[in-house]
Amino acid sequence: MSAAPEPFRIIAIIGNTRDSRVVESLQVLAAHLHSRGRRVLIDEATSVDYRDVAVERLPESELCVTADLLVAVGGDGSMLHAARLAAPRQIPVLGINRGRLGFLADIGPSELTTRVDEILAGRYVSDQRAMLEATLSSPGQPDRHCYGLNDVVLQKWQTGRILDFETYIDGRYVNTHGGDGVVIATATGSTAYALSCGGPILYPGLDAVVLAPICPHTLSDRPIVVHSTAVIEIRLLDRPDSNGQVTCDGVSLGALSQGDRLIVRPAAGNVTLLHPADHDYYRTLRSKLRWGRGDRTAPYPTSE
């Protein structure tokens, strides 16, 4: 368990304000932080009414320049967005779950104020998570870059045909694939899209990356796990109507065409997630994946 040298004094809060549940939690959170003497920063583009609570409005891109903690209210999508904002400034991220699954945002709305007080008092677990950097390199064009906490995904685009592509790891040829694409996931992202492709669950602290084919045409084309320092390169084969799209945590980086290269490597910096002091990753797995439910006898409380 970590203890901050001093309490977080300037706290930025973000969330999907199109969701009324998120708005409600943002209002409660802002009021509570204000009552604890904290400066509260919000995105100036939002129209949420914080009533009598004093909040400071800044462009979203500047929130982490000033804040020393970023709180994301919503689901894992909000947490992924927060990670991209916070990582360059090395600002820790805390998640309040108002989404459906919540692998990353692990504080529920019913315990919001209690858990936030614990964090402000320095009672929390600090969790370093690796990120990926993806680069799309096209002849005659500037390279395009993006960062992902969960995954980088290549998938077929604007066609019903499968993709044919080659993979290279650290400059060495690995395989030629046919299918709908591939997911390159961090240990954090191993419980996201990669899991639905048959990939393994990796403990978040592992220095590893999963390559999970999407709907492979060859049944022997299975997920593999490599070291997190690996540099992964993907090239499309020259096939008619073969078009791919690359996304990082669901955000489009661009199209991958013949002659282009997709290069995925470890990002220069990590993101720090904060959890309550009693955080238990395996308890999260049991709860979110519903292990031990149904006709099995569960030795754990049903409130997980």
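You'll find the structure just up there.
The numbers attached to residues start from 1 for each chain and follow its sequence in the written order. Selection of residues for local features in this predicted model requires a pLDDT of at least 70, selection of side-chain atom pairs for listing and counting requires 80 or more, and totals for whole chains, interfaces and linings are taken over all residues. The basis for every side-chain value is the complete set of heavy atoms in the structure, and neither hydrogens nor water enter the calculation.

Let's shift gears to the overall build of the protein. Helix and strand content of the protein: six helices and 19 strands. Taking 19 Å as the expected radius of gyration for a compact globule of 304 residues, we find that the protein reaches 21 Å, a close match to that expectation. Principal-axis analysis of the C-alpha atoms places the extent of the protein at approximately 60 × 55 × 35 Å. In this scheme, a residue with accessible area under 20% of its type's maximum is buried, one over 50% is exposed, and one in between is partly exposed, where area comes from a 1.4 Å probe on protein chains only. Burial analysis of the protein (304 residues in total) assigns 51% to the buried set. Here, two residues are considered to be in contact whenever any of their heavy atoms come within 4.5 Å of each other. Sequence separation of at least 24 residues holds for 64% of the intrachain contacts in the protein that already meet a minimum separation of 6. Carbon and sulfur atoms provide 48% of the accessible area of the protein, an area that totals close to 14500 Å². For this count, His and the chain ends are skipped, Lys and Arg are scored as positive, and Asp and Glu as negative. Just so you know, the charge point we use is NZ for Lys, CZ for Arg, CG for Asp and CD for Glu. Measuring between centres, the 30 positive side-chain charges of the protein sit 3 Å from its 35 negative side-chain charges. Secondary structure follows DSSP: runs of H or I at least 4 residues long count as helices, runs of E at least 2 residues long count as strands, and numbering of each begins at the N terminus. Here the globule rule is a power law, 2.2 Å times the number of residues to the power 0.38, and the radius of gyration is based on C-alpha atoms. Note that accessible areas follow from Shrake-Rupley with a 1.4 Å probe, and for residues the cover is restricted to the protein chains shown.

Turning next to the state of the cysteines. By disulfide we mean two sulfur atoms from cysteines, separated by a distance within 2.5 Å. Per the stated rule, a full pass over the model turns up one disulfide. Two residues, Cys146 and Cys248, share a disulfide whose sulfurs are 1.8 Å apart. Placement of Cys146 in strand 8 (residues 144-148) and of Cys248 in strand 16 (residues 244-248) is noted, with a sequence separation of 102 residues between them. Of the two residues, Cys146 and Cys248, both sit in the buried class. Cysteine Cys197 is unpaired, with the sulfur of Cys215 as its nearest cysteine sulfur at 6.9 Å.

Residue types Ala, Val, Leu, Ile, Met, Phe, Trp, Tyr and Cys, when buried and joined through side-chain atoms within 4.5 Å, form a set referred to as a nonpolar core. Of all hydrophobic cores here, the largest spans 26 residues; its most connected members are Phe8, Ile11, Ile13, Leu29, Leu33, Tyr50 and Val71. Elements represented by at least two residues in this core include exactly strand 1 (10-15), helix 1 (20-35), strand 2 (39-43), strand 4 (69-74), strand 5 (93-97) and helix 4 (112-120). Apart from the residues lying within four places of it in its own chain, the contact partners of Leu29 are Ile13, Val71, Val73, Leu112 and Val116. Ile10, Ala67, Leu104 and Met131 belong to the second largest nonpolar core, which has 25 residues in total.

So, about the sheet that holds strand 6 (residues 124-129). Two strands qualify as a pair provided that DSSP identifies no fewer than 2 bridges between them. Overall, mixed pairing links the seven strands, which are arranged 3-2-1-4-5-19-6 in an open sheet. At either end of the open sheet lies a strand with only one pairing partner, and these are strand 3 (56-58) and strand 6. When strand polarity is set aside, the average angle formed by the axes of neighbouring strands in this sheet is 30°. In this sheet, strand 19 (residues 271-276) lies alongside strand 5 in parallel orientation, the contact comprising two bridges. Each bridged residue has a counterpart across the sheet, and for Leu94 the counterpart in strand 19 is Leu274. Axis lines are fitted to C-alpha atoms, over the contacting stretch for helices. Their N-to-C directions set the angle, which ranges from 0 to 180 degrees. Relative to the sheet, helix 1 contacts strand 1, strand 2 and strand 4, its axis offset from that of strand 1 by approximately 170°.

Of the residues making up helix 4, those classed as buried are Leu112, Arg115, Val116, Glu118, Ile119 and Leu120. Against the buried residues of helix 4 lie strand 1, helix 1, strand 5, strand 6 and strand 19.

Across a regular strand the side chains alternate sides, sitting on one face of the sheet and then on the other. In terms of burial, strand 16 is largely enclosed, as five of its five residues are buried. Of the two faces of strand 16, the one carrying Gly244, Val246 and Cys248 and the one carrying Gln245 and Thr247 are both buried. Bridge analysis of strand 9 (residues 151-156) against strand 16 gives five bridges, and the strand direction is antiparallel. Bridge pairing links Leu154 to Val246 in strand 16. As defined by bridge partners, strand 16 adjoins strand 17 (residues 251-256) across five bridges and the pair is classed as antiparallel. Counted as the bridge partner of Val246 is Gly254 from strand 17. From the end of strand 16 to the start of strand 17, which pair antiparallel, there are two residues, and Asp249 there has a positive phi angle of about 50°.

Spatially, the six strands line up as an open sheet ordered 14-13-12-9-16-17, and their pairing is antiparallel. Here the strands that pair on one side only, and so sit at the sheet edges, are strand 14 (224-227) and strand 17. Neighbour to neighbour, the strand axes of the sheet diverge by 20° on average, direction disregarded.

What follows covers the pattern of salt bridges. Each salt bridge in this description consists of a side-chain nitrogen of Lys or Arg and a carboxyl oxygen of Asp or Glu lying within 4 Å of one another. The final tally for this structure, using the stated rule, is 11 salt bridges. For the salt bridge of Lys156 with Asp180, the shortest nitrogen-to-oxygen distance reads 3.4 Å. In this pair, Lys156 sits in strand 9 while Asp180 sits in the loop between strand 11 (172-179) and strand 12 (181-186), placing the two residues 24 residues apart along the sequence. Look at Lys156 and you get partly exposed, because its relative accessible area is 29%. According to the relative accessible area criterion, Asp180 is buried, its value standing at 18%. In this structure, a network of salt bridges that share partners links the residues Glu111, Arg115, Glu118 and Asp278.

Okay, a nonpolar patch on the surface next. On the surface, Tyr203, Leu206 and Tyr282 cluster together into a nonpolar patch covering about 330 Å² of accessible area. Following the sequence through the fold, Tyr282 ends up in helix 6 (residues 281-288). Judged by its relative accessible area of 47%, Tyr282 is partly exposed. Patch membership requires over 30% relative accessible area and the absence of a salt bridge. Like charges are linked within 9 Å, and nonpolar side chains (Val, Leu, Ile, Met, Phe, Trp, Tyr) within 5 Å.

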